[in-house]
Amino acid sequence: MTDFLIVGGGIAGISAAARLSELGSVTLLEAEPNLAHHASGRSAALYEPHYGAPAVVELSLASGDHFRSLPNVLSPRGMMIIARADEATTFHHDAADMGLDPITPDEARALVPILNDSVAFAAHADHAWDIDTDLLIQTFARQARARGATIVTGAPVTAITRTATGWHVTAGGREHSATTLVNAAGAWVDTIARLAGIQPLGFQPNRRSMARIPAPGGHDVSRWPMIFGAGETWYAKPDAGALIVSPAEEHPMDPHDAWADDMVLAEGLARYEEMVTEPVTRLISNWAGLRTFSPDRVLVIGRDRRDPAFFWLAGQGGYGFQSSPAASKLAADLLAGRPPDLATDIVAALSPARFD
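Residues numbered from 1 in each chain as written. Predicted model: local features only at pLDDT ≥ 70, side-chain atom pairs only at ≥ 80, totals over all residues. Heavy atoms only, no water.

Peer 1: Could you give me a rundown of unusual backbone geometry, with the residues and numbers involved?
Peer 2: With a phi close to 60 degrees, Ala248 is a non-glycine residue in the positive phi region. With respect to the helices and strands, the residue Ala248 is situated in the loop between strand S16 (242-246) and strand S17 (251-252). (Helix = DSSP H or I, 4+ residues; strand = E, 2+ residues; numbered from the N terminus.)

Peer 1: Quick rundown of the sheet that holds strand S8 (residues 129-131)? Include the residues and the values.
Peer 2: Across the sheet, which stays open at both edges, the 3 strands sit in the order S3-S8-S4 with antiparallel pairing between neighbours. The outermost strands of the open sheet, each flanked by one partner alone, are strand S3 (46-47) and strand S4 (74-76). Bridge analysis of S4 against S8 gives 3 bridges, and the strand direction is antiparallel. In the strand pairing of S8, Pro76 is matched with Trp129. (Pairing = 2+ DSSP bridges.)

Peer 1: Before we move on, could you go through the domain arrangement of the protein chain and cite the residues and values that matter?
Peer 2: Structurally, the protein chain comprises domain 1 (2-54 + 132-203 + 295-354) and domain 2 (79-125 + 205-291). For domain 1 versus domain 2, the distance between C-alpha centres works out to 31 Å. Here domain 1 meets domain 2 over a buried area of about 1500 Å², counting both sides, of which 57% is carbon and sulfur. Counting every contact that joins domain 1 to domain 2 gives 1 salt bridge. For the salt bridge of Arg297 with Glu250, the shortest nitrogen-to-oxygen distance reads 2.8 Å. Summed over the shared surface of domain 1 and domain 2, the number is 2 residue pairs in polar contact (both at pLDDT 80 or more). Of the residues in the side of domain 1 that touches domain 2, the class split is 8 nonpolar, 6 polar and 3 charged. (Domains from an automatic or database assignment. Buried area = accessible area lost by both parts, 1.4 Å probe. Salt bridge = Lys/Arg side-chain N within 4 Å of Asp/Glu carboxyl O. Polar contact = N/O pair within 3.5 Å; in protein donor to acceptor, adjacent residues only side chain to side chain. Nonpolar A, V, L, I, M, F, W, Y, C, P; charged D, E, K, R; others polar.)

Peer 1: Could you give me a rundown of the pattern of salt bridges, with the residues and numbers involved?
Peer 2: Scanning all chains against the criterion turns up 21 salt bridges. Between Asp106 and Arg109 there is a salt bridge, with the nearest N and O atoms lying 3.2 Å from each other. Taken together, the residues span about one helical turn, with Asp106 and Arg109 both in helix H5 (residues 105-111) at a distance of 3 residues. Since its relative accessible area comes to 56%, Asp106 is described here as exposed. Three or more residues are tied together by salt bridges with common partners; here these are Arg208, Glu232, Glu250, Arg291 and Arg297. (Buried < 20%, exposed > 50% of the residue type's maximum accessible area, 1.4 Å probe, protein only.)

Peer 1: Would you mind going over the nonpolar core in detail, with residue names and values included?
Peer 2: Counting residues in each nonpolar core, the largest one holds 69 residues, and the members touching the most others are Ile6, Ile14, Leu20, Ile131, Leu136, Ile301 and Leu350. Shared between two domains, this core takes at least three residues from each, and those domains are domain 1 (2-54 + 132-203 + 295-354) and domain 2 (79-125 + 205-291). Ala171, Ile198, Phe203 and Ala314 belong to the second-largest nonpolar core, a separate cluster that totals 25 residues. (Core = buried A, V, L, I, M, F, W, Y, C linked by side-chain atoms within 4.5 Å.)

Peer 1: Tell me about the environment of Trp234, and please be specific about residues and values.
Peer 2: Residue position: Trp234 is located in the loop between strand S14 (226-229) and strand S15 (235-239). Accessibility expressed as a relative area gives 3% for Trp234, which makes it buried. With residues up to four places along the chain from it excluded, the contact list for Trp234 reads Ile82, Ile227, Phe228, Gly229, Ser246, Pro247, Ala248, Gly268, Arg271, Tyr272 and Met275. (Contact = heavy atoms within 4.5 Å.)

Peer 1: Explain the side chain of Arg207 residue by residue, including any values.
Peer 2: Its location among the elements puts Arg207 in strand S13 (residues 204-213). A distance of 2.7 Å separates polar atoms of two side chains, one belonging to Arg207 and the other to His251. When residues no more than four places from it in sequence are discounted, the contact partners of Arg207 are Glu249, Glu250, His251, Met253, Trp259, Asp261, Val264, Ala288, Gly289 and Leu290.

Peer 1: For helix H2 (residues 54-62), give the residues involved together with the corresponding values.
Peer 2: Buried within H2 we find Ala55, Val56, Val57, Leu59 and Ser60. Among the structural elements, S3, helix H3 (64-69), strand S19 (300-303), helix H9 (320-336) and helix H10 (344-350) are those in contact with the buried residues of H2.

Peer 1: Run through the pairing of S14, naming residues and quoting values.
Peer 2: Here S14 shows a buried face lined by Met226 and Phe228 and a second buried face lined by Ile227 and Gly229. For S14 and S15, the ladder comprises 2 bridges, and the chain directions are antiparallel. Across the sheet, the residue bridging to Ile227 is Ala236, located in S15.

Peer 1: Could you give an account of the packing of helix H1 (residues 11-20) against helix H6 (residues 133-146), naming the residues involved and the relevant values?
Peer 2: Close contact between H1 and H6 brings their axes to 7 Å; oriented N to C, the two are set at 35 degrees. Judged by the sense of rotation from one axis to the other, the crossing of H1 with H6 is left-handed. Of H6, the residues touching H1 (which contributes Ile11, Ile14, Ser15, Ala17 and Ala18) are Leu136, Ile137, Phe140, Ala141, Gln143 and Ala144. In terms of residue class, the contact of H1 with H6 is built from 9 nonpolar, 2 polar and no charged. (Axes fitted to C-alpha atoms, helices over the stretch in contact; angles between N-to-C directions. Left-handed = near helix turned anticlockwise from the far one by under 90°.)

Peer 1: Summarise the side chain of Asn116; cite the residues concerned and give the values.
Peer 2: Relative to the assigned elements, Asn116 resides in the loop between H5 and strand S7 (121-125). We classify Asn116 as buried; its relative accessible area is 15%. When sequence neighbours within four positions are dropped, the list of residues in contact with Asn116 reads Arg109, Glu273, Glu274, Met275, Val276 and Thr277.

Shown next, in the form of structure tokens:
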């Protein structure tokens, strides 16, 4: 009998495994052959702690010390919002919301020389960093294994039964028993809840597509900030000598192994091209992931009200990596029965009880 059985091997599940392995025995089940196969492996991976709803911002800010304690996980990036003349209202709202300082279009072009004359407004800040997602995942996995956690890949969950002492789970043709079931299954969290006989909370996976393009005009893009169109209608980010461009779409989908839609990519690339001097002539690659949100777009972290042996760690949306240190710490605090570091109102804003 395991103390904690975690379903899901993305950033939520693997960070929880590292934390919970300090409290007792842990088994993590991942359906795919490798960790972080779905959304966690397809993230733009920016640590921008002022991004999201208030409770999400508090989680992200609380994660900062952990990130800074890990060598080479964060690297400077910065971020910038640009807008056309007719997007002034949206631009000023975005810049204020994310704590960016207005700069002139010429100053923006000094940072990103391919910006064209359509850029009427710009704002910039240094408080954004790239996250080495693979290093973070492997660090958490290494910590979990060092404390005795078992990580099982290629093990899709097919049956869950409530027992007198906890849970009996069938996954990948093997049987597992645990006292507490931690649902960190990403886009499949409501599916796992149904299998366990737990009332789903109404999570919605949304597709987000990405295209990797060659460095525009042969520029060295390594020092460019991440760039957002006003209203987050597209974004671009340097990535391994190239540029990833996303239409930033949120298209509701059923849980599945997502792929990019060619028309959606084309529309997003067209919005990007409106603001730059270099047309997109070739794609290096493209992909998509599912960003899964709760009904109020805030993470859900806590015991199920009807069955406290079922624990929700879900709804990371686009904030999974940047909130993972504090989210997993909160999960461990709640499961250990110790006072969380976060304020009481923030813990309540993250609790599944808010949907009752």
